[in-house]
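So you can see what is in the structure, the chains are spelled out below.
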Amino acid sequence: MDTAEIANLLDDDGRVRRWPKKQDQKRLVLEYLSGKFTVGVEYSEVEVNAVLDAWHLFGDHALLRRELYDRGLVERTPDGRRYWLPRP
């Protein structure tokens, strides 16, 4: 993913500094974060939180996890225990 469109939201290490207000920027941030997961790997909720915490600075992995799921960028079991990227 080309990060130029969200460069102002990233720190020097590529971590998201703040949650954007604009919907198009939110989508770009979520696409960026979904790229931090590996296709074909299932993650526990704790593992998803750890990945998200490593790549954002505003302290709300629950918001990001929920948004990733709601926007179809990750899938999960009905009980929310396992997460994975959708197959292309």
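Residues numbered from 1 in each chain as written. Predicted model: local features only at pLDDT ≥ 70, side-chain atom pairs only at ≥ 80, totals over all residues. Heavy atoms only, no water.

K.L.:
Can you walk me through the nonpolar core in this structure?
P.N.:
As a rule of thumb, nonpolar side chains are buried together in soluble globular proteins. The biggest cluster of nonpolar side chains holds 22 residues, and the ones touching the most others in it are Ile-6, Val-29, Leu-33, Phe-37, Leu-52 and Leu-68. Broken down by secondary-structure element, the contributors of at least two residues to this core are α1 (23–34), α2 (45–54) and α3 (61–70). Considering each element in turn, this core owes the most residues, five residues, to α1. With residues near it in sequence (within four places) discarded, Leu-68 still touches Leu-30, Ser-34, Phe-37, Leu-52, Leu-73 and Val-74. (Core = buried A, V, L, I, M, F, W, Y, C linked by side-chain atoms within 4.5 Å. Buried < 20%, exposed > 50% of the residue type's maximum accessible area, 1.4 Å probe, protein only. Helix = DSSP H or I, 4+ residues; strand = E, 2+ residues; numbered from the N terminus. Contact = heavy atoms within 4.5 Å.)

K.L.:
When you look at the pattern of salt bridges in this model, what are you seeing that I'm missing?
P.N.:
Pairing is possible between side chains of opposite charge, provided their charged atoms come close. What the rule picks out here adds up to seven salt bridges. In this structure, Asp-13 and Arg-15 form a salt bridge, with 3.4 Å as the shortest nitrogen-oxygen distance. Here Asp-13 falls in the exposed class, since its relative accessible area comes to 55%. By relative accessible area, which is 27% here, Arg-15 ends up partly exposed. The salt bridge involving Glu-67 is made with Arg-71; its shortest N-O contact spans 2.8 Å. Given a relative accessible area of 18%, Glu-67 falls into the buried group. Connected through shared salt-bridge partners, Asp-11, Asp-13 and Arg-15 make up one network. (Salt bridge = Lys/Arg side-chain N within 4 Å of Asp/Glu carboxyl O.)

K.L.:
Honestly, the sheet that holds strand β3 (residues 82–84) in this entry has me stumped. Any pointers?
P.N.:
Picture the strands of a sheet paired through backbone hydrogen bonds; they go either parallel or antiparallel. Taken together, the three strands give an open sheet; going across it, the order is β1-β3-β2, and neighbouring strands pair in antiparallel fashion. Of all the strands in the sheet, the pair left with one neighbour each is β1 (43–44) and β2 (75–76). Bridging between β2 and β3 involves two bridges; their strand directions are antiparallel. Counterpart to Glu-75 in the pairing with β3 is Trp-84. (Pairing = 2+ DSSP bridges.)

K.L.:
So what exactly am I meant to see when it comes to the environment of Asp-70 here?
P.N.:
Counting through the fold element by element, Asp-70 comes out in helix α3. Expressed as a C-alpha distance, the spacing of Asp-70 and Val-41, which sit 29 residues apart in the sequence, is 19 Å.

K.L.:
Would you mind showing me how to read the side chain of Asn-49 here?
P.N.:
Relative to the helices and strands, Asn-49 is located in helix α2. By relative accessible area, which is 11% here, Asn-49 ends up buried. When neighbours within four sequence positions are excluded, Asn-49 is seen to be in contact with His-61 and Arg-65.

K.L.:
I would appreciate a short explanation of α3 in the present structure.
P.N.:
Note that an α-helix has 3.6 residues per turn; residues three or four places apart therefore point the same way. Within the span of α3, buried status applies to Leu-63, Leu-64, Arg-65, Glu-67 and Leu-68. Packed against the buried residues of α3 are α1, α2 and β3. Immediately beyond the C-terminal end of α3, within one or two residues, lies Gly-72, with a positive phi of roughly 75 degrees.

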